[in-house]
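Close look at the chain arrangement
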Amino acid sequence: MFAHRLTLRQGALATRHRHFSSTRRIFQADAGHPSSRHAQFYSDLVPAMIPVALLGSAVYMGLQLLQTYLSHEKYLDEARARVDELEREINILMLEKRVGSGG
């Protein structure tokens, strides 16, 4: 039974290996024509750059979201400070009005 599991695992590994090695064939030219050095360069480069591009995009969007959040927080803090200042001004004016009308 253990030998059967081992052969299944080896078969699964071989299948995965064949899957990944077959992706390189997509970018190669026909069998009758040898691939150029440029085509070989891009066939090696493009598949490797896809995860880098996805990771870079995810990091950029995350940082953009963080910047937007922090900008909004700063705006709210400034608005609260302005509201507090206006409330103090209103309280002072109301106090002056009471003192002026009462005395």
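It should be noted that the structure appears before, not after, this text.
The structure displayed is predicted, hence computed values, not measured ones.

The subject of this paragraph is the overall build of the chain. The helix and strand inventory of the chain stands at two helices and zero strands. By the burial criterion, 1% of the 103 residues in the chain qualify as buried. Summed over all atoms, the accessible surface of the chain reaches about 9,700 Å², with 65% contributed by carbon and sulfur.

Quick look at the pattern of salt bridges now. With the rule as written, the count across this model stands at two salt bridges. Of the charged contacts in the structure, one is a salt bridge between Arg-80 and Asp-77, with a shortest N-O distance of 3.2 Å. Highlighted residues: Arg-80 and Asp-77, both in helix α2 (residues 37-102), separated by three residues, approximately one helical turn. Since its relative accessible area comes to 48%, Arg-80 is described here as partly exposed. What makes Asp-77 partly exposed here is its relative accessible area of 45%. The shortest N-O distance in the salt bridge between Arg-82 and Glu-85 comes to 3.2 Å. In this pair, Arg-82 and Glu-85 both sit in helix α2, three residues apart, roughly one turn of the helix. Residue classification places Arg-82 among the partly exposed residues on the basis of a relative accessible area of 44%. Judged by its relative accessible area of 38%, Glu-85 is partly exposed.

Before going further, it helps to spend a moment on the packing of aromatic side chains. Across all of its chains, the model carries one aromatic pair by this definition. Seen from their ring centres, Phe-41 and Tyr-42 are 5.2 Å apart, and the 75° between their planes marks the pair as edge-to-face.

This brings us to the side chain of Ser-43. Here Ser-43 lies in helix α2. Among the polar contacts made by the side chain of Ser-43, one reaches the main-chain carbonyl oxygen of Gln-40 at a distance of 2.8 Å.

This paragraph deals with α2. For α2, which comprises 66 residues, the first-to-last C-alpha distance of 95 Å matches the rise-based estimate of 98 Å (1.5 Å per residue) to within 8%. The largest bend in α2 is about 30°, located at Met-49, with the proline Pro-51 one to four residues further on.

Attention now goes to a nonpolar patch on the surface. Residues Phe-41, Tyr-42, Leu-45, Val-46, Met-49, Ile-50, Val-52 and Leu-54 make up a contiguous nonpolar surface patch of about 750 Å² in total accessible area. Inspection of the secondary structure assignment puts Ile-50 in helix α2.

Procedures and definitions
- Residues numbered from 1 in each chain as written.
- Predicted model: local features only at pLDDT ≥ 70, side-chain atom pairs only at ≥ 80, totals over all residues.
- Heavy atoms only, no water.
- Helix = DSSP H or I, 4+ residues; strand = E, 2+ residues; numbered from the N terminus.
- Buried < 20%, exposed > 50% of the residue type's maximum accessible area, 1.4 Å probe, protein only.
- Areas by Shrake-Rupley, 256 points an atom, 1.4 Å probe, with all protein chains shown as cover.
- Salt bridge = Lys/Arg side-chain N within 4 Å of Asp/Glu carboxyl O.
- Phe/Tyr/Trp six-rings, centres within 6.5 Å; stacked < 30°, edge-to-face > 60°.
- Polar contact = N/O pair within 3.5 Å; in protein donor to acceptor, adjacent residues only side chain to side chain.
- Expected span 1.5 Å × (residues − 1).
- Bend = angle between axes of the 7 residues up to and from the residue.
- Patch = residues over 30% accessible without salt bridge, like charges linked within 9 Å, V, L, I, M, F, W, Y side chains within 5 Å.

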